[in-house]
Amino acid sequence: MTTSILTEPAPVSGLRAPDFIRIASLSKTFGSGSDSVLALQDIDCSIEQGSFVTIVGPSGCGKSTLLRIMAGLLDYSVGTVLLDHQPVHGTRRDIGMVFQSSILLPWRTILENVLLPAEVLGLDMKKARERAMQLLHMVRLDGFEHKLPRQLSGGMQQRASIARALLHDPKILLMDEPFGALDAMTRERMNVELQRIWMESGKTVVLITHSIPEAVFLGDVVFVMSPRPGTLEKLVYVDLPRPRRLEVMDDPAFSRATAGIRERFSHAAAFD
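None of the values given here were measured: they were computed from a predicted structure.

*Asks:* Explain empty space enclosed by the protein here, please?
*Replies:* Rolled over the atoms, a probe with the dimensions of a water molecule shows which regions are left empty. Counting across every chain of the model gives 1 cavity of 30 Å³ or more. The space that makes up the largest cavity amounts to roughly 40 Å³. What lines the largest cavity is Ile21, Met70, Val81, Leu82, Leu83, Val88, Ile172 and Leu174. When contributions to the lining of the largest cavity are tallied by element, the ones reaching two or more residues are β5 (78–83) and β8 (172–176).

*Asks:* Looking at this model, I keep getting lost on the layout of surface pockets. Mind explaining?
*Replies:* Estimates place the volume of the largest pocket at around 490 Å³. When residues in the lining of the largest pocket are grouped by element, the largest group, 4 residues, is from helix α3 (residues 116–121). Per-class residue counts for the lining of the largest pocket are 12 nonpolar, 4 polar and 3 charged.

*Asks:* Hey, could you run me through the packing of aromatic side chains in this one?
*Replies:* Centre distance and the angle of the planes are the two values used to describe a pair of aromatic rings. Applying the stated criterion across every chain, the model contains 1 aromatic pair. Measuring from ring centre to ring centre gives 5.5 Å for phenylalanine 52 and tryptophan 198, while their planes differ by 80 degrees; the resulting arrangement is edge-to-face. Here the residue phenylalanine 52 occupies a position in strand β4 (residues 52–56), and tryptophan 198 occupies one in helix α6 (residues 184–201), the gap between them amounting to 146 residues. For phenylalanine 52, a relative accessible area of 0% translates into the label buried.

*Asks:* Any chance you could explain the pattern of salt bridges here in plain terms?
*Replies:* Here the idea is simple: oppositely charged side chains can pair when their charged atoms come close. Applying the stated criterion to the full structure yields 15 salt bridges. The residue lysine 171 makes a salt bridge to aspartate 84 at a minimum N-O spacing of 2.9 Å. Of this pair, lysine 171 sits in the loop between α5 (154–166) and β8 while aspartate 84 sits in the loop between β5 and β6 (86–87), placing them 87 residues apart in sequence. Using a relative accessible area of 34% as the deciding quantity, one classes lysine 171 as partly exposed. You can call aspartate 84 partly exposed: its relative accessible area is 28%. Notably, a salt bridge pairs glutamate 193 with arginine 140, separated by 2.9 Å at the nearest N-O pair. With a gap of 53 residues between them, glutamate 193 in helix α6 and arginine 140 in the loop between α4 (125–138) and α5 connect regions that are remote in the sequence. Given the relative accessible area of 12%, glutamate 193 is considered buried.

The rules behind each value
Residues numbered from 1 in each chain as written. Predicted model: local features only at pLDDT ≥ 70, side-chain atom pairs only at ≥ 80, totals over all residues. Heavy atoms only, no water. 1 Å grid on protein atoms, 1.4 Å probe; cavity = no way out; pocket = protein on both sides within 12 Å on 5 of 7 lines; lining within 4 Å. Points joined across faces, edges and corners; volume = space filled by probe spheres on them. Helix = DSSP H or I, 4+ residues; strand = E, 2+ residues; numbered from the N terminus. Nonpolar A, V, L, I, M, F, W, Y, C, P; charged D, E, K, R; others polar. Phe/Tyr/Trp six-rings, centres within 6.5 Å; stacked < 30°, edge-to-face > 60°. Buried < 20%, exposed > 50% of the residue type's maximum accessible area, 1.4 Å probe, protein only. Salt bridge = Lys/Arg side-chain N within 4 Å of Asp/Glu carboxyl O.

This is the structure in structure tokens:
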């Protein structure tokens, strides 16, 4: 097994779209005049359809800003953001989002929470219910569909939020530090579970994390961002076979990849 650190994405093959997500000359400034803050500067990248991309960088480098721009939740100042060749401006039905907190409504059952996008988007509720049950099976929450969120562990709640984000069959799943609030052992189990869910769903996933090992374990490509103003400093292509088990973290190739990223930010205390 080998791990390569590249300045360009690895070559793509098959029928996958290499420019499924295309970001060009992207910059974002908050405020104006003397109070303005340049958060992102000249971001250029492409994301292959069906791939798993992770993003790491120091606190305040604009990782979440970039993800929210990709989700259409935040406008950008300069540049282009395309999803499947269509500009991203405002929220879209073909994008799913998972946040650090599961944001489940406490008075609704797990099934009712998963069905929420169908209600908001006006989808066929019979078909949505069937899909919700399939997704709950995929995230291994069979038998918990009628439980309330408080009756589930933190990891189970996040699995429910992933199912909810997938209900309307989005083209891409964006995840902003989804396991940051979990303990270390639960977080590792959730990494394995998320990898399985991604492989079964075939979705394109972009995940932000402060954990370098998590980024390497989950990612096909790790986007390494610089301190603010955030730029895309390096791409790390992780050439490790899937499915990956936790034992891969003991592999020398895994260690080289994490060490190469950590070296870039040895001065920053923001990483796990």
